[in-house]
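# Commentary on secondary and tertiary structure
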Amino acid sequence: MEGAGEVGYLVALFLYSIAAAVALPVPVELLLFFFPGINPLIKAVVLGLGKAVGAIVVFFVGEKVNPWIERWMSRHAIAARILKVMERFVRRTGWIGLAILLAIPFMSDTAVNYFYSLLNEEGNAIGRRYFVVANLVGGVARAYLFLWLYPR
């Protein structure tokens, strides 16, 4: 019966990771303490895969909303200057910067993902594939870093 509990836990971790990437402002780290008998590599990969799936949704939202932001900026000069600086940050740091930010324990995945997707200059700064890879890498690294910093 414990095997079914572990599988259920991993499914829940996967689904929660998707939700955390897309909409939940609550980090997933605390879920990593459950079922300590599960290999940390398995937990990290499940968490990373969940974040990668969620990243697909976030990327498409950013792709649809970014043209609206660009049009809005053309009518608001002060806001445009601020947002252009932020777009430059996204372009310069790219998918590696995204992965590093997502690897920080307790960092809001939702905020970081939307920051990078909405200011992605119509998908030109980071392509969809690299956006998803950054979420996968960042999620796996984050789980390992958290489990290393807060061993049980």
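All of the points below concern the structure found in this document. Since the model is a prediction, treat every value here as computed from it, not as a measurement.

## Here we look at the packing of helix 3 (residues 77–102) against helix 4 (residues 109–118)
Their axes nearest at 9 Å, the elements helix 3 and helix 4 cross at an angle of 145°. The handedness of the crossing between helix 3 and helix 4 comes out as left-handed. Facing M86, F89, V90, T93, G94, G97, L98, L101 and L102 of helix 3, the residues of helix 4 in contact are D109, V112, N113, F115 and Y116. Class assignment of the residues belonging to the contact of helix 3 with helix 4 gives a composition of nine nonpolar, four polar and one charged.

## Here we look at the pattern of salt bridges
Counted according to the given criterion, the structure contains four salt bridges. In this structure, K84 engages E87 in a salt bridge whose closest nitrogen and oxygen atoms are separated by 3.0 Å. With a gap of three residues between them, K84 and E87 both fall in helix 3, about one helical turn apart. Its relative accessible area of 1% is what places E87 among the buried residues. The closest approach of N and O atoms between D109 and R142, which form a salt bridge, is 2.2 Å. Placement of D109 in helix 4 and of R142 in helix 5 (residues 128–149) is noted, with a sequence separation of 33 residues between them. Judged by relative accessible area, which is 1%, R142 ranks as buried. Three or more residues joined by partner-sharing salt bridges are found here, namely E29, K51, D109 and R142.

## A word on the nonpolar core
Note on soluble globular proteins: their nonpolar side chains tend to be buried together. Ranked by internal contacts, the top residues of the largest apolar core, which has 22 residues, are L98, Y116 and F131. Secondary-structure elements contributing two or more residues to this core are helix 1 (2–22), helix 2 (40–75), helix 3, helix 4 and helix 5. Sequence-distant contacts of Y116, defined by excluding residues within four places in its chain, comprise F89, V90, T93, G94, G97, L98, L101, I126 and F131. By size, the runner-up hydrophobic cluster in this structure holds 13 residues, among which are L10, V28, I38 and A143.

## Regarding the side chain of N135
Its location among the elements puts N135 in helix 5. Here N135 falls in the buried class, since its relative accessible area comes to 0%. Among the polar contacts listed, one links the side chain of N135 to the backbone oxygen of F131, at a separation of 3.0 Å. Leave out the neighbours within four places in its chain, and N135 touches G48, K51, A52, A55, L98, L102 and N113.

## Topic: unusual backbone geometry
Among all residues except glycine, the phi angle is most often negative; among peptide bonds, the trans geometry is most common. A positive phi angle, close to 50°, is found at F35, a residue other than glycine. One non-glycine residue, F106, lies in the positive phi region at around 70°. In this structure, F106 sits in the loop between helix 3 and helix 4. The class of F106 is partly exposed, set by a relative accessible area of 40%.

## Quick notes on the packing of helix 4 against helix 5
Look at helix 4 against helix 5: their axes get within 12 Å of each other, and the N-to-C directions meet at 155°. On the basis of their axis angle, the class for helix 4 and helix 5 is roughly antiparallel. Seen from above, helix 4 lies across helix 5 with right-handed handedness. From helix 4, D109, N113, Y116 and S117 reach across to helix 5, where they touch F131, N135 and R142.

The rules behind these values
- Residues numbered from 1 in each chain as written.
- Predicted model: local features only at pLDDT ≥ 70, side-chain atom pairs only at ≥ 80, totals over all residues.
- Heavy atoms only, no water.
- Axes fitted to C-alpha atoms, helices over the stretch in contact; angles between N-to-C directions.
- Helix = DSSP H or I, 4+ residues; strand = E, 2+ residues; numbered from the N terminus.
- Left-handed = near helix turned anticlockwise from the far one by under 90°.
- Contact = heavy atoms within 4.5 Å.
- Nonpolar A, V, L, I, M, F, W, Y, C, P; charged D, E, K, R; others polar.
- Salt bridge = Lys/Arg side-chain N within 4 Å of Asp/Glu carboxyl O.
- Buried < 20%, exposed > 50% of the residue type's maximum accessible area, 1.4 Å probe, protein only.
- Core = buried A, V, L, I, M, F, W, Y, C linked by side-chain atoms within 4.5 Å.
- Polar contact = N/O pair within 3.5 Å; in protein donor to acceptor, adjacent residues only side chain to side chain.
- Parallel < 35°, antiparallel > 145°, perpendicular 65-115°, else oblique.

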